[in-house]
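Structural features, examined
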Amino acid sequence: MYVADSRATASAAGAVRPRAGRRRTAVAPTVLALGTVSLITDVSSEMVTAVLPLYLVAGLGLSPLGFGLLDGVYNGVSALVRLAGGHLADRGGGRHKWVAGAGYALSAACKPLLLVAQTLTPIGLVLAVDRTGKGLRTAPRDALISLSSTPETRGRAFGVHRAMDTAGALLGPLVAFLVLRATVDGYDAVFTVSFCVAVVGVLVLVLFVPGGAAAPLDRSATPATLRAAFALLRRRDLRRITVCALLLGLATVSDSFVYLLLQRRLGVPDRWFALLPLGTAAAFLLLAVPLGRVADRVGRWRMFLGGHLALLLAYGLLLSSWHGPALPYAVLLLHGAFYAATDGVLMAAAADSVPPELRSSGLALVQTGQAVARFTCSLSFGAAWTAWGDRAALTGSAVALALCGLIALALRPIAPESPA
Amino acid sequence: MTLRSRVLILVSALVVLVAVAAASVLHAAARADRREQAGPGGPRIAAGRLALAGGGPRVVFRNMAWGPHRDELVSAPADDPSGPRTASGVKCLRFYAASGTGVCLQAVHGPVRDTYRAVILDTRLKERARYDVPGIPSRARVSPSGRFAAWTAFVGGDSYAGTAFSTRAAIADTRTGRLTPTLEAYRTVKDGRPYRAADVNFWGVTFAADDRTFYATMATHGSTYLVRGDLRTRTLTTLHPNVECPSLSPDGTRIAYKKRVKGAPEDAPWHLYVLNLSTGHETALAEPRSVDDQLVWRDNRTLVYALPGDYGADLYTVPADGTGKAHRVATAAVSPAYVD
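Quantities reported herein were computed from a predicted structural model and do not represent experimental measurements. (Residues numbered from 1 in each chain as written. Chains lettered and ligands numbered in written order. Predicted model: local features only at pLDDT ≥ 70, side-chain atom pairs only at ≥ 80, totals over all residues. Heavy atoms only, no water.)

1. Section: the overall build of chain A
Per the secondary structure count, chain A includes 16 helices and zero strands. The buried share of chain A, reckoned over its 420 residues, is 57%. When contacts within chain A are restricted to residue pairs at least 6 apart in sequence, those whose partners lie at least 24 apart make up 85%. For chain A, the exposed area adds up to about 16,700 Å²; of that, 68% sits on carbon and sulfur atoms. (Helix = DSSP H or I, 4+ residues; strand = E, 2+ residues; numbered from the N terminus. Buried < 20%, exposed > 50% of the residue type's maximum accessible area, 1.4 Å probe, protein only. Contact = heavy atoms within 4.5 Å. Areas by Shrake-Rupley, 256 points an atom, 1.4 Å probe, with all protein chains shown as cover.)

This is how it looks when you write it as structure tokens:
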């Protein structure tokens, strides 16, 4: 935490911006604390994810095929949980910390259960509960980040958080395989270490993230009822953001398809296949903070659309006949840039048009819309691939993305973006 | 709470958690060390020379007994697989051999994570070729002539709590070195019509003696099919539903396989069957347990397969005509291949 703290402060102090005046530029301690919690939690969860296939096949001798069949159900449940988490956090004037904490604790509690679950069904259930914890915590945590940073530095705050989060995701598999190497297939040790790490994450949250309302609430503010949460959609800006996120989500091909296309079209050797997600994550990690800062300056909405332009370029490269050796790197860089320019930036943009007392519900709404749209895209992309082949499916997605991008450009929220 | 007390709480919790984590790692490491010591009552194992042809009837398999030769290829008398084992020093996760050609699926310990490869072995277990394997190895086969080798790997999802898995079945021509990394490259004909789907998975290749025909499992939309493949025209044709991990009899007339049966628990869904290719008749075998393995024909009448055991897996036999009973023939063994 201190390392991240000093690094973020140093870079913030080092980047002297003309015309920015003497505005306080350090990232809020709450954001750094939440970033630390996410970093630690991602180390823990990615440890499990990294060894899970090996554990199922080599450790337990199970056939994991068809294990993903329940993904559709999970996605639906996870969307509901997300909305519920967002709503619960807003009720009672800022219970964000405790709802997020419950989500982190739920996921932590799943790790020791993996030690006892020895067959597919219980393991699937444990993973579902783990995912429920993730669904529960995401919106309250993002609300806390937005509430504890000033409007004009929100993009950077989310960038710092996402960078720390991704760093954890990159470290997790490393830790897992170190443990596995030291213990020769000691999956129980991996799960135990993962549990201990997860508990540290929960403790950091409980001890170092301030509870209660992160921002002083207006007495006359809308009470956080369910009706008020859905009434948020009557706000033009939030409605437009949600609709745009939904439209663009419908044209966002899921990661696994992108890697599969990359391998098929560019002939990436099998041995590199497992490393492709690391390329995206590394680019995301490196670009999250700089793009968040740029978003604060040029406008988050513009950055969000720019991110989708990067995705469109990545599609274009995958469709092009150019087969240079740099192509996989270029595609992964663009893919990572897409995440860096959209993931935290969308939350920062949405936060601008949701009042603080309904922040968590509002962010959950946008996230859920996006998640549902992406899942729909996955299904239709799979169907298009089946019917017309991968090239046609990707061409269709590229056209859809360009169209949705144009609509989003026309629909852009007109609320004064935080100037910088 | 002051910052000081909060830091104090965190530090004390860290001490406890680090101790728990360290204890679990040390415990697991000590267990791994014990596996390096030969256990009492285990099979006799001695290092020696191992040949995939010309050494008389032997069974070659991956030894899983604790001790210095754990995970190595060993050979034992074909008529007494539980007899003394000769260890080769070559480690494999999965193995198969025919006519002096072996295929050994190995883990390669990298600095960050393990990768996998398929190594083609000659009669004396010398490496002839190697290929990357994109995931955790599962099945291995060599054609009866020794010319073609095939393997299946599980490829896992990488996203957060990603639970979707797929399989890749690859075929290598050991004479030309040509590799087909996935059977998805073949044209598929299902129920007489060309078939294409993004969710298609293949696994469990088994070869016929003509070095042209093979069989495998194709899965799509939640169902599995026995497919017949043609190495020359690069096509696959569906033959029969609900067939996994086919294994062709030496006389080429029957397929032994695991079939998903109704009413079986989700975690043990299979029963062993033999399918007569000319009549389409299915015969249930006398093994009552659910088996997750690609069977091996010891001869035209007897099948060999692995079931989970105290040291990973044990080998069993059962008659191919549905009569008799299953017998355990070796403990701490997996991936058998009969050579002579």
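Past the structure itself, the notes keep going.
2. Here we look at the overall build of chain B
Along its length, chain B carries one helix and 27 strands. For 340 residues, the compact-globule estimate of 2.2 N^0.38 gives 20 Å, and chain B sits close to it at 22 Å. Summarising its shape, the C-alpha atoms of chain B cover approximately 80 × 50 × 45 Å along the three principal directions. Within chain B, the proportion of its 340 residues that are buried is 52%. Excluding contacts between residues fewer than 6 apart, the proportion of contacts in chain B whose partners are at least 24 apart in sequence is 42%. When the 43 basic and 31 acidic side-chain charges of chain B are each reduced to a single mean position, those positions are 3 Å apart. (Rg over C-alpha atoms; globule rule 2.2 N^0.38 Å. Lys, Arg positive; Asp, Glu negative; His and termini not counted. Charge placed at Lys NZ, Arg CZ, Asp CG, Glu CD.)

3. What about a nonpolar patch on the surface?
Taken together, the side chains of V399, L403, L406 and L409 of chain A present a nonpolar region at the surface, about 390 Å² in accessible area. Looking at where L403 of chain A falls in the secondary structure, it is placed in helix α16 (residues 390-411). (Patch = residues over 30% accessible without salt bridge, like charges linked within 9 Å, V, L, I, M, F, W, Y side chains within 5 Å. Salt bridge = Lys/Arg side-chain N within 4 Å of Asp/Glu carboxyl O.)

4. Notes on helix α9 (residues 236-250) of chain A
Residue and element names in this part refer to chain A. Between its terminal C-alpha atoms α9 stretches 21 Å, which fits the 21 Å expected from 15 residues at 1.5 Å a residue. Along α9, the positions that sit buried rather than exposed are D237, L238, I241, T242, C244, A245, L248 and G249. Buried residues of α9, viewed axially, fall in a sector of 165°; they line one side. Those residues of α9 that are buried are in contact with α13 (300-319), α14 (327-352), α15 (359-388) and α16. (Expected span 1.5 Å × (residues − 1). Arc of directions from axis to C-beta.)

5. As for the interface of chain B and chain A
Taken together, the contact pairs 53 residues of chain B with 58 residues of chain A. Carbon and sulfur atoms supply 64% of the area that chain B and chain A bury against each other, a total of about 4,800 Å² over both sides. At the boundary of chain B with chain A, the tally comes to one salt bridge. The residue R31 of chain B makes a salt bridge to D188 of chain A at a minimum N-O spacing of 2.8 Å. Counting across the chain B and chain A interface gives four residue pairs in polar contact (both at pLDDT 80 or more). The set of elements that each furnish at least two residues to the side of chain B that touches chain A consists of α1 (3-35), β7 (114-121), β10 (148-156), β11 (165-173) and β15 (201-207) of chain B. Ranked by residues supplied to the side of chain B that touches chain A, first place goes to α1 of chain B with 18 residues. The residue inventory of the side of chain B that touches chain A, partitioned by class, reads 29 nonpolar, 11 polar and 13 charged. (Buried area = accessible area lost by both parts, 1.4 Å probe. Polar contact = N/O pair within 3.5 Å; in protein donor to acceptor, adjacent residues only side chain to side chain. Nonpolar A, V, L, I, M, F, W, Y, C, P; charged D, E, K, R; others polar.)

6. Things to note about the environment of L179 of chain B
Residues and elements named next belong to chain B. Considering the arrangement of structural elements, one finds L179 in strand β12 (residues 179-180). According to the relative accessible area criterion, L179 is partly exposed, its value standing at 29%. In this structure, the C-alpha to C-alpha distance between L179 and A149, residues 30 residues apart in sequence, is 9.5 Å. Apart from the residues within four sequence positions on either side, L179 is in contact with Y131, W151, A170, I171 and A172.

7. Observations regarding the sheet that holds strand β2 (residues 58-63) of chain B
Residues and elements named next belong to chain B. In space, the five strands of this open sheet follow the order β1-β4-β3-β2-β27, with mixed pairing throughout. Both edges of this open sheet fall to β1 (45-47) and β27 (333-339), since each of them pairs with a single strand only. Mean inter-strand twist for the sheet, computed between neighbouring axes without regard to direction, equals 35°. In this structure, β1 lies alongside strand β4 (residues 85-91), joined through three bridges in parallel fashion. Note that in β4 the partner of I45 across the bridge is R85. (Pairing = 2+ DSSP bridges. Axes fitted to C-alpha atoms, helices over the stretch in contact; angles between N-to-C directions.)

8. Considering the sheet that holds strand β17 (residues 223-230) of chain B
Residues and elements named next belong to chain B. Pairing is mixed in the open sheet, where six strands are placed in the order β14-β13-β18-β17-β16-β15. Two strands close off the open sheet at either side, each with one partner strand: β14 (193-195) and β15. When the angles between neighbouring strand axes are averaged without regard to direction, this sheet yields 35°. As paired strands, β17 and strand β18 (residues 235-241) are joined by six bridges and run antiparallel to one another.

9. What to know about the packing of helix α2 (residues 29-59) of chain A against helix α7 (residues 187-208) of chain A
Residue and element names in this part refer to chain A. Put simply, α2 and α7 touch, their axes get as near as 9 Å, and they point 165° apart. Of the possible angle classes, the one that applies to α2 and α7 is roughly antiparallel. Handedness of the α2/α7 crossing: left-handed. For the contact of α2 with α7, a count of residues per class yields 21 nonpolar, six polar and no charged. (Parallel < 35°, antiparallel > 145°, perpendicular 65-115°, else oblique. Left-handed = near helix turned anticlockwise from the far one by under 90°.)

10. Let's talk about the pairing of strand β20 (residues 254-260) of chain B
It is a general feature of regular strands that their side chains alternate between the two faces of the sheet. Residues and elements named next belong to chain B. Counting buried positions along β20 yields six of seven residues, so the element is predominantly enclosed. The pairing of strand β19 (residues 244-248) with β20 spans three bridges and is classified as antiparallel. When the bridges of β20 are listed, L248 appears paired with I255. Here seven bridges tie β20 to strand β21 (residues 270-276), and the two strands are oriented antiparallel to one another. Residue pairing in the sheet places I255 in a bridge with L275 of β21.

11. Re the UniProt feature "signal peptide" (unreviewed entry) in chain B
In this numbering, the UniProt entry assigns the feature "signal peptide" (unreviewed entry) to residues 1-28 of chain B. Between the C-alpha atoms that bound residues 1-28 of chain B there is a distance of 39 Å. The span itself is 93% helix and 0% strand. (UniProt positions renumbered as here; feature names shortened; annotations may be inferred.)

12. Looking at the nonpolar core
A general feature of soluble globular proteins is that nonpolar side chains tend to end up buried together. Counting 157 residues, the largest nonpolar core has F95, V103 and W151 of chain B as the members making the most contacts within it. Here the element with the most residues in this core is α2 of chain A; it accounts for 16 residues. Each of domain 1 (23-213) and domain 2 (223-420) of chain A accounts for three or more of the residues forming this core. Counting 18 residues, the second largest nonpolar core, distinct from the first, contains A150, A197, F214 and M218 of chain B. (Core = buried A, V, L, I, M, F, W, Y, C linked by side-chain atoms within 4.5 Å. Domains from an automatic or database assignment.)

13. A few points about the state of the cysteines
Per the stated rule, a full pass over the model turns up one disulfide over all chains. Between the sulfur of C92 of chain B and that of C104 of chain B lies a disulfide, 2.0 Å long from S to S. Its S-S torsion of about -110° marks the bond between C92 of chain B and C104 of chain B as left-handed, since a negative value means left-handed. Of this pair, C92 of chain B sits in the loop between β4 and β5 (94-98) while C104 of chain B sits in strand β6 (residues 101-109); the two residues are 12 residues apart in sequence, bridging distant segments of the chain. Each member of the pair, C92 of chain B together with C104 of chain B, is buried. C244 of chain A takes part in no disulfide bond, and the closest cysteine sulfur, belonging to C404 of chain A, lies 9.2 Å away. (Disulfide = S-S within 2.5 Å.)

14. Observations regarding the layout of surface pockets
Residues and elements named next belong to chain B. Here the second largest pocket is characterised by a volume of approximately 550 Å³. Contributions of two or more residues to the lining of the second largest pocket are made by β5, β9 (136-142), β15, β19, β23 (296-297) and β27. A per-element tally of the lining of the second largest pocket places β5 first, with three residues. Split by residue class, the lining of the second largest pocket holds 16 nonpolar, seven polar and four charged. (1 Å grid on protein atoms, 1.4 Å probe; cavity = no way out; pocket = protein on both sides within 12 Å on 5 of 7 lines; lining within 4 Å. Points joined across faces, edges and corners; volume = space filled by probe spheres on them.)

15. Quick word on the domain arrangement of chain A
Residue and element names in this part refer to chain A. Assigned domains of chain A: these are domain 1 (23-213) and domain 2 (223-420). Of note, the centres of domain 1 and domain 2, computed from C-alpha atoms alone, are 21 Å apart. Across the contact, 33 residues belong to domain 1 and 36 residues belong to domain 2. Where domain 1 abuts domain 2, roughly 2,700 Å² becomes buried across the two surfaces, and 66% of that area is made up of carbon and sulfur atoms. When the shortest N-O distance is used, the salt bridge between R162 and D343 registers 2.6 Å. At the surface where domain 1 touches domain 2, the tally comes to 11 residue pairs in polar contact (both at pLDDT 80 or more). Elements with a minimum of two residues in the side of domain 1 that touches domain 2: α3 (71-90), α5 (120-147) and α6 (154-183). In terms of residue count, α6 provides more of the side of domain 1 that touches domain 2 than any other element does, 11 residues in total. Residues that form the side of domain 1 that touches domain 2 fall into these classes: 13 nonpolar, 12 polar and eight charged.

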